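Here is how the chains run, residue by residue.
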Amino acid sequence: MVSKGPQLYRLILETALLCIVGLGTGLAVNRHIAVQGFDGSLVEAIKQTLQNKIKEKARPASEVAPAGDIIFMGVEQAKELCDSNRSLFIDARAPEAYEAGHIYGAVNITEQTIEDHIFELMDKARESKVIIYCSGPECPQAIELAELLIENDIKPIHVYSGGWDQWQKLGYPVVKGRGR
Amino acid sequence: MSLLRNQYVLALIRILLGALFIYAAVPKMLDPYTFAVAVYNYKMLPGFAVGLVAAALPWLELLIGILLVVGVRVQASTLICTGMLVVFTLAIFINTLRGIDVDCGCFSTDRSIGWAAVAEDSLLTLLSFWCLLFVPNRFSLERLFRRRT
């Protein structure tokens with residue numbers, strides 16, 4: 001059991017010292033990351049990394065949805081959700097690309113057609129995870145659509161950043177044509 | 001009761017916990033950026049804290065792991081180890097309840113959270129708490145030095 005009296009003080013002191021040494025070393029070595037965290041550039045860099053430097057959007061910063069509502073996911077998680085039927089995949093690419101091939105179960109919704117689906121999505125989002133993807137890490141459509149949905153209070157929105165290119169390369173289930 | 005206080009069992013658990021901490025810390029230290037992404041995806045910390053945690057936590061994990069394995073400052077190391085495991089377990093538990101699928105950031109950075117991760121971390125927390133109650137000094141450098149002096 002934790003000792004009492006002077007030994008307890010010693011334990012507290014040792015614990016504090018170890019924390020200072022461990023955390024201090026980490027901060028000294030990775031101070032650039034800590035600084036980036038403070039100036040806000042880290043969160044931005046994380047988003048960009050996950051999106052592999054997604055193209056800069058034309059929107060003013062004030063219209064950009066809060067970063068906390070977009071959750072990025074990798075292919076393993078996307079595949080798991082696709083298999084589980086606990087999700088709604090949205091293909092944000094152009095209809096032609098969707099018809100040429102899309103993730104099994106995905107629906108095609110773009111910025112142009114979002115208004116037709118907004119109420120359906122509100123209902124779906126309550127019971128399923130909404131996952132948006134486009135062709136790959138560099139395409140902007142998934143993020144732009146995610147921001148539109150968040151503006152309509154549909155959140156959180158998941159973005160599968162690997163997108164169609166990664167999915168089909170891995171040989172995961174796909175569907176051709178307009179059907180899901 | 002004797003098994004609970006058995007110094008051989010406790011020492012084994014202490015070394016196991018230490019090894020796990022080292023194993024968990026190294027990939028995060030080598031790639032703090034990916035670990036920052038995992039921390040960010042938990043949606044539990046403000047931006048500035050994501051940077052601090054990603055920069056500093058893996059080093060504390062490594063230090064505690066090494067101290068647990070070699071058996072130096074065992075009680076303090078076990079206390080920090082237990083504290084960290086409690087925080088990790090809570091974070092995973094809360095996000096599993098929220099239904100958010102994020103990378104665990106536990107050992108390898110591409111593993112998802114879920115009830116399995118909650119159970120795993122809870123077990124490790126219990127083992128660490130056990131070591132905190134009955135400090136395992138056997139097979140430790142500290143004990144060796146104490147004997148010689």
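Just above sits the structure.
Here is what the cut-offs are and how they apply
- Residues numbered from 1 in each chain as written.
- Chains lettered and ligands numbered in written order.
- Predicted model: local features only at pLDDT ≥ 70, side-chain atom pairs only at ≥ 80, totals over all residues.
- Heavy atoms only, no water.
- Helix = DSSP H or I, 4+ residues; strand = E, 2+ residues; numbered from the N terminus.
- Buried < 20%, exposed > 50% of the residue type's maximum accessible area, 1.4 Å probe, protein only.
- Axes fitted to C-alpha atoms, helices over the stretch in contact; angles between N-to-C directions.
- Parallel < 35°, antiparallel > 145°, perpendicular 65-115°, else oblique.
- Contact = heavy atoms within 4.5 Å.
- Nonpolar A, V, L, I, M, F, W, Y, C, P; charged D, E, K, R; others polar.
- Salt bridge = Lys/Arg side-chain N within 4 Å of Asp/Glu carboxyl O.
- Pairing = 2+ DSSP bridges.
- Expected span 1.5 Å × (residues − 1).
- Phe/Tyr/Trp six-rings, centres within 6.5 Å; stacked < 30°, edge-to-face > 60°.
- Lys NZ or Arg CZ within 6 Å of the ring centre and 35° of its normal.

**Student:** How would you sum up the overall build of chain B? Please name residues and give values.
**Tutor:** When its secondary structure is counted, chain B shows seven helices and zero strands. Listed N to C, the secondary structure of chain B is α-α-α-α-α-α-α in terms of helices and strands. In chain B, buried positions account for 52% of the 149 residues.

**Student:** Account for the packing of helix α2 (residues 31–39) of chain A against helix α4 (residues 47–70) of chain B, with residues named and values stated.
**Tutor:** Their axes nearest at 6 Å, the elements α2 of chain A and α4 of chain B cross at an angle of 170°. With respect to α4 of chain B, the axis of α2 of chain A lies roughly antiparallel. Counting all contacts with α2 of chain A, which are made through Ile-33, Ala-34, Gly-37 and Phe-38 of chain A, the residues of α4 of chain B involved are Gly-47, Phe-48, Gly-51, Leu-52, Ala-54 and Ala-55 of chain B. Within the contact of α2 of chain A with α4 of chain B, the residues separate by chemical class into seven nonpolar, three polar and no charged.

**Student:** Kindly report on the pattern of salt bridges, identifying the contributing residues and their values.
**Tutor:** Summed over all chains, the structure comprises six salt bridges over all chains. Here Asp-91 of chain A and Arg-93 of chain A are joined by a salt bridge, their closest N and O atoms 2.7 Å apart. The burial state of Asp-91 of chain A is the same as that of Arg-93 of chain A; both residues are buried. With its nearest N and O atoms 2.9 Å apart, the salt bridge here joins Glu-61 of chain B to Lys-28 of chain B. In this pair, Glu-61 of chain B sits in helix α4 while Lys-28 of chain B sits in helix α2 (residues 7–30), placing the two residues 33 residues apart along the sequence. For Lys-28 of chain B, a relative accessible area of 2% gives the class buried. What you see here is one network of salt bridges that share partners, running through Arg-10 and Glu-14 of chain A together with Arg-73 and Glu-142 of chain B.

**Student:** Go over the sheet that holds strand β6 (residues 157–160) of chain A with me, naming the residues and quoting the values.
**Tutor:** Residues and elements named next belong to chain A. Reading across from one edge, β1-β6-β5-β2-β4 is the order of the five strands in this open sheet, with parallel pairing throughout. Looking at strand neighbours, the two that pair on one side only are β1 (70–73) and β4 (107–108), the edges of this open sheet. Two strands pair when backbone bridges link them, and strand β2 (residues 87–91) and strand β5 (residues 129–133) are joined in this way by five bridges, in the parallel orientation. Looking at β5, one finds that Ser-87 is bridged to Lys-129.

**Student:** So what's going on with the pairing of β1 of chain A? Which residues, and what values?
**Tutor:** A regular strand places its side chains so that they alternate between the two faces of the sheet. All names here are of chain A. Residues of β1 alternate between two faces, with Ile-70 and Phe-72 on one and Ile-71 and Met-73 on the opposite face, all of them buried. Relative to β6, β1 runs parallel, the two sharing four bridges. Bridge pairing links Met-73 to Tyr-160 in β6.

**Student:** Account for helix α6 (residues 115–133) of chain B, naming residues and giving values.
**Tutor:** All names here are of chain B. With 19 residues, α6 extends 27 Å from end C-alpha to end C-alpha; this agrees with the ideal 27 Å at 1.5 Å per step. Residues Ala-117, Val-118, Asp-121, Leu-124, Thr-125, Leu-127, Ser-128, Trp-130, Cys-131 and Leu-132 constitute the buried set of α6. Where α6 is buried, its residues contact α1 (2–5), α2 and α5 (74–98).

**Student:** Could you give an account of unusual backbone geometry, naming the residues involved and the relevant values?
**Tutor:** Residue and element names in this part refer to chain B. If you check the backbone angles, Lys-43 has positive phi at about 55° while not being a glycine. Judged by its relative accessible area of 16%, Lys-43 is buried. Backbone geometry places Arg-73, a non-glycine residue, at a positive phi of 50°. Topologically, Arg-73 is positioned in the loop between α4 and α5.

**Student:** Go over the packing of aromatic side chains with me, naming the residues and quoting the values.
**Tutor:** The final tally for this structure, using the stated rule, is six aromatic pairs over all chains. Taken together, a centroid distance of 6.0 Å and an interplanar angle of 70° make the contact between Tyr-160 of chain A and Trp-167 of chain A edge-to-face. Look at Tyr-160 of chain A and you get buried, because its relative accessible area is 1%. Counting every residue linked through ring pairs, the aromatic cluster contains Phe-89, Tyr-160, Trp-167 and Tyr-172 of chain A. Above the ring of Tyr-172 of chain A, the side-chain terminus of Lys-79 of chain A is found at 5.1 Å from the ring centroid. When the ring centre of Tyr-40 of chain B is taken as reference, the NZ or CZ atom of Lys-43 of chain B above it lies at 3.9 Å.

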